[in-house]
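# Secondary and tertiary structure notes
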Amino acid sequence: MSSVCIIIPCYNEATRLPSDIFLAYISQNATVNFCFVDDGSTDQTRTVLETMQTRYPNRIEALILAKNLGKAGAVRAGMLHCAGQAFDYLGFLDADLATPLDAIASLTAVLEANPELDLVMGSRIKFLGVDIQRTLFRHYTGRIIATIISNILKLPVYDSQCGAKLFRAAIVMNLFQESFISPWLFDVELLARLSQKYGRPGVLKHVAEHPLRQWIEQSDSRISSGYMFRMWYELYRIQQKYRNV
Ligand SMILES: Nc1nc2c(ncn2[C@@H]2O[C@H](COP(=O)(O)OP(=O)(O)O)[C@@H](O)[C@H]2O)c(=O)[nH]1
Ligand SMILES: [Mg+2]
């Protein structure tokens, strides 16, 4: 059976993190492990994570960062930390479980069934039969940003920013080696790095999107409204850095 480790970046998640759901999931899914990364939180996140770790010391790790690095830095630290361990697949999900944990099995199944794929990304596509809940504002802004990103990358990617991604472990060390320009748009950089590695359209054989069955946006986002302005500058810098891809 393939083993999976999921990185959960956590910034001031002490009251929001659904520990019970994680612990119940661990008890029912023998092949899935978690690495929670405390991203320099100023609340009790560290205690919450270490308490979970004591319940399943072999299956849950709490990686504590002294300084706040932002989501990209926290995910990168967790991925690099786990890349040397004996997992088949490494991925990440948001701490608020906007993507429920049962997505792990469906994303794993996609990589298992398609040996040429290095990355499967959850995609929040709203259609009949799935449960994608986002405010109208976040839906529209998200769709505009995603479309611009798709054009910058020159890839037909629908939802680069979805916080649910699973990688074949062998690719992780290389892909996450260099630090990211942007704390929130690192997914764009990951796709640009894969384009660099495989060329375009070669990358299309190695990355797939998979529609999520459920995504329930949690209202208390940790992204500040001021970031909406900074984001455009970061996108510009990413475009400049990877312009020869
Ligand atoms: N805002 C924020 N979130 C971080 C940071 N580091 C890690 N995260 C995690 O990034 C994930 C996504 O955050 P969230 O507020 O749910 O973002 P959103 O749902 O995309 O608006 C959560 O698991 C956070 O705990 C950070 O420095 N700031
Ligand atoms: Mg969220």
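For the structure itself, consult the block above.
Everything in this summary refers to the structure shown in the same document. (Residues numbered from 1 in each chain as written. Chains lettered and ligands numbered in written order. Predicted model: local features only at pLDDT ≥ 70, side-chain atom pairs only at ≥ 80, totals over all residues.)

### Let's talk about the overall build of the protein chain
The number of helices and strands found in the protein chain is eight helices and nine strands. Relative to its length of 245 residues, the protein chain is compact, with a C-alpha radius of gyration of 17 Å against a globular reference of 18 Å. Each principal axis of the C-alpha atoms in the protein chain carries an extent, and together these give about 45 × 40 × 40 Å. The buried share of the protein chain, taken over its 245 residues, is 39%. Looking at the protein chain alone, contacts between residues at least 24 apart form 83% of all its contacts between residues at least 6 apart. (Helix = DSSP H or I, 4+ residues; strand = E, 2+ residues; numbered from the N terminus. Rg over C-alpha atoms; globule rule 2.2 N^0.38 Å. Buried ≥ 20, exposed ≤ 12 C-beta atoms within 10 Å, placed from the backbone. Contact = placed C-beta atoms within 7 Å.)

### Quick look at helix α2 (residues 45-55)
Among all positions of α2, only Thr45, Val48, Leu49 and Met52 are buried. Angular distribution of buried residues about the axis of α2 spans 95°; they occupy a single face of the element. Contacts made by the buried residues of α2 are with β1 (4-10), α1 (19-28), β2 (32-39) and β3 (60-65). (Arc of directions from axis to C-beta.)

### Some words on the nonpolar core
Side chains that are nonpolar tend, in soluble globular proteins, to be buried together. Membership of the largest hydrophobic core comes to 67 residues, with the highest contact counts inside it found for Ile6, Ile7, Ile8, Phe36, Val37 and Leu90. The leading source of residues in this core is helix α3 (residues 70-83), at seven residues. Beyond its immediate sequence surroundings of up to four residues, Leu90 is in contact with Cys5, Met79, Cys82, Ala83, Phe167, Ala169 and Val172. (Core = buried A, V, L, I, M, F, W, Y, C linked by C-beta atoms within 7 Å.)

### Notes on the sheet that holds β2
What the seven strands build is an open sheet, ordered β3-β2-β1-β4-β7-β5-β8; its pairing is mixed. Looking at strand neighbours, the two that pair on one side only are β3 and β8 (207-211), the edges of this open sheet. Strand-to-strand twist of the sheet, defined as the mean angle between neighbouring strand axes without regard to direction, takes the value 20°. Sheet topology note: the β2/β3 ladder contains six bridges and is parallel. Bridge pairing in β3 places Val37 opposite Leu63. Packing of α2 onto the sheet brings it into contact with β1, β2 and β3, and relative to β3 it is tilted by some 155°. (Pairing = 2+ DSSP bridges. Axes fitted to C-alpha atoms, helices over the stretch in contact; angles between N-to-C directions.)

### Section: unusual backbone geometry
A cis amide bond links Arg200 to the next residue, Pro201, at an omega of 15°. Here Pro201 lies in the loop between α7 (186-198) and β8. A positive phi is found at Asn12, a non-glycine position, where the angle reads about 50°. Inspection of the secondary structure assignment puts Asn12 in the loop between β1 and α1. Phi at Leu97 takes a positive value of approximately 55°, unusual for a residue other than glycine. Within the fold, Leu97 resides in the loop between β4 (89-92) and α4 (103-113).

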